[in-house]
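Spelled out from the first residue to the last, the chains are:
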Amino acid sequence: MQDVTVVRTSVLPPYAAHLRVYEPLAAYPEPERARWQAYAAEHGPDAPEAGRSVAAAVLAEQRSALAELIGRTPRPLPDREADRAFVRLVDGVLYVCPWATRLRNWQALEELRAGAPVALLDTALPPATREVAEADRERWRADHPDARPWILTSRWEVPVRWFLPFGDEDRCFVPAGTGEKEEGERGDGVSLFYLTPMAQARRRVARAYRALREAVPEGELVRGAEQVGRWLEEFHPRSLVELDYGGLVHLLGPERLLADRSAGELEDGLRALRAGDAAEALRAYEALTGRWRRVLALRHAN
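About the criteria used
Residues numbered from 1 in each chain as written. Predicted model: local features only at pLDDT ≥ 70, side-chain atom pairs only at ≥ 80, totals over all residues. Heavy atoms only, no water. Helix = DSSP H or I, 4+ residues; strand = E, 2+ residues; numbered from the N terminus. Buried < 20%, exposed > 50% of the residue type's maximum accessible area, 1.4 Å probe, protein only. Contact = heavy atoms within 4.5 Å. Areas by Shrake-Rupley, 256 points an atom, 1.4 Å probe, with all protein chains shown as cover. Salt bridge = Lys/Arg side-chain N within 4 Å of Asp/Glu carboxyl O. Core = buried A, V, L, I, M, F, W, Y, C linked by side-chain atoms within 4.5 Å. Lys, Arg positive; Asp, Glu negative; His and termini not counted. Polar contact = N/O pair within 3.5 Å; in protein donor to acceptor, adjacent residues only side chain to side chain. Axes fitted to C-alpha atoms, helices over the stretch in contact; angles between N-to-C directions. Parallel < 35°, antiparallel > 145°, perpendicular 65-115°, else oblique. Left-handed = near helix turned anticlockwise from the far one by under 90°. Nonpolar A, V, L, I, M, F, W, Y, C, P; charged D, E, K, R; others polar. Pairing = 2+ DSSP bridges.

Undergrad: What am I meant to see in the overall build of the chain here?
TA: A count of helices and strands for the chain gives 11 helices and 7 strands. Here the chain, with 302 residues, has 46% of them falling under the buried criterion. The long-range fraction of contacts in the chain, counting pairs at least 24 apart against all pairs at least 6 apart in sequence, stands at 81%. Within the structure as shown, the chain displays about 15700 Å² of accessible surface, and the carbon and sulfur contribution to it stands at 53%.

Undergrad: Quick question: what am I supposed to make of the pattern of salt bridges here?
TA: Close approach of charged atoms allows side chains of opposite charge to pair. The full count for this structure, using the stated rule, is 14 salt bridges. Aspartate 168 serves as the salt-bridge partner of arginine 261, at 3.6 Å between the closest nitrogen and oxygen. With arginine 261 in the loop between helix H9 (254–259) and helix H10 (262–274) and aspartate 168 in the loop between strand S4 (151–155) and strand S5 (171–174), the pair connects residues that are 93 residues apart, well separated along the chain. On the basis of relative accessible area, arginine 261 is assigned to the partly exposed category, the value being 33%. What makes aspartate 168 partly exposed here is its relative accessible area of 31%. Across the pair glutamate 280 and arginine 283 runs a salt bridge whose closest N-O atoms are separated by 2.9 Å. Pair noted here: glutamate 280 and arginine 283 are both in helix H11 (residues 278–296), with a separation of 3 residues, about one helical turn. One salt-bridge network, held together by shared partners, links Arg20, Arg88, Glu242 and Asp244.

Undergrad: Whenever I open this one, the nonpolar core confuses me. Can you help?
TA: As a rule of thumb, nonpolar side chains are buried together in soluble globular proteins. Formed by 64 residues in total, the largest nonpolar core has its most connected members in Val158, Phe163, Leu232, Tyr245 and Trp292. Of all the elements, helix H7 (residues 220–232) adds the most residues to this core, at 6 residues. With sequence-adjacent residues up to four places away left out, phenylalanine 163 is seen in contact with Val158, Tyr194, Leu243, Tyr245, Ser262, Ala263, Leu266 and Trp292.

Undergrad: Help me understand the side chain of arginine 171, please; the structure alone is not making it clear to me.
TA: Secondary-structure assignment places arginine 171 in strand S5. The side chain of arginine 171 is buried and forms no salt bridge, while aspartate 168, the nearest opposite charge, is found at 5.0 Å. A distance of 2.7 Å separates the side chain of arginine 171 from the backbone oxygen of leucine 257, its partner in a polar contact. Apart from the residues within four sequence positions on either side, arginine 171 is in contact with Leu192, Phe193, Tyr194, Leu257, Leu258, Asp260 and Arg261.

Undergrad: Can you help me understand unusual backbone geometry in this one?
TA: The general pattern is negative phi for most residues beyond glycine and trans for most peptide bonds. Note that the residue after glutamate 30, namely proline 31, is joined by a cis bond; omega there is 5°. Within the fold, proline 31 resides in the loop between strand S1 (16–24) and helix H1 (32–42). In this structure, tryptophan 156 takes a positive phi of about 70° despite not being glycine. Structurally, the position occupied by tryptophan 156 is in the loop between S4 and S5. The partly exposed category is assigned to tryptophan 156, whose relative accessible area is 24%.

Undergrad: What is the right way to read the packing of H10 against H11 from this model?
TA: Axes are the key here: two packed helices are described by the angle between their axes and the distance separating the axes. With their axes 7 Å apart at the nearest point, H10 and H11 run at an angle of 155° to one another. By the angle between their directions, the pair H10 and H11 is classed as roughly antiparallel. Judged by the sense of rotation from one axis to the other, the crossing of H10 with H11 is left-handed. Between H10 and H11, the contacting residues are Ser262, Glu265, Leu266, Gly269, Ala272 and Leu273 on the first element and Glu280, Ala281, Ala284, Leu288, Arg291 and Trp292 on the second. Here the residues of the contact of H10 with H11 are counted per class, giving 7 nonpolar, 2 polar and 3 charged.

Undergrad: Can you help me understand the pairing of strand S6 (residues 191–197) in this one?
TA: Residues in a regular strand project their side chains so that they alternate between the two faces of the sheet. Extensive coverage of S6 is indicated by the burial of 6 of its 7 residues. Here S5 runs beside S6; their pairing, made up of 4 bridges, is antiparallel. Of the residues in S6, the one forming a bridge with arginine 171 is tyrosine 194. Where S6 meets strand S7 (residues 240–244), 5 bridges bridge the pair, whose relative direction is antiparallel. Bridge assignment links tyrosine 194 to a residue of S7, and that residue is leucine 243.

Honestly, that's just the spatial picture; any functional story needs more than this.
Take a look at the structure:
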């Protein structure tokens, strides 16, 4: 569900994928519950159903972020938390995924600090600016000790561990010409996402973790399964979990998206592992990770 007050731009969404949790409206305490209920009523009569993409809402979020950079000196954080969310309607139940913009900005700042060359980091965000942002975070954390993001973001790839909560039956491919498209929006409306109930997501991750821990206790994927599992435990048990390819659809193209069965391939590999066929499990894992490594390598293309 997109905010009706958006900045029009022809810029495509960044090459980023998103893992989201939508909690049922009843999971939010008052006055948050009333605020989100009013938000849903104000910004549109209908939330996206389970089989529809939230691509238009994602674009609205990016437009809002771009608007924050126009007309003034860029800041590493928005001035205040945006009371906005992605909203879904499933079987008559309203589910809400808050943007939590400030918390996600702090996380992005940490990732930038860990991965960017010092000279580039100091040019983009001088040390004094970062110090102010970090001090703000410490003060905010003191008042919100249990805060966690409803949205995780990965640039240039979908981490293999993110497929663990899903099966091939959760896959929803929206081909060109059938997606949501706004006036002035570039692109062909194509999208690819997975959506599953939290209970199912937790079961899949737990089963994968047990199988991986027995077979490869020090492997990267077993650590990823633990990480994803801990994050999912933070939310209401009747939530929805969504993996959205986001702007990666413009990088991959419709043919590769149509053929993509990453969650199903990982599921097949885990099934082989539980059956004792380590060679087939390894083949499936290497094929999947190799394909996504080739996508990730495109970030260095010119």
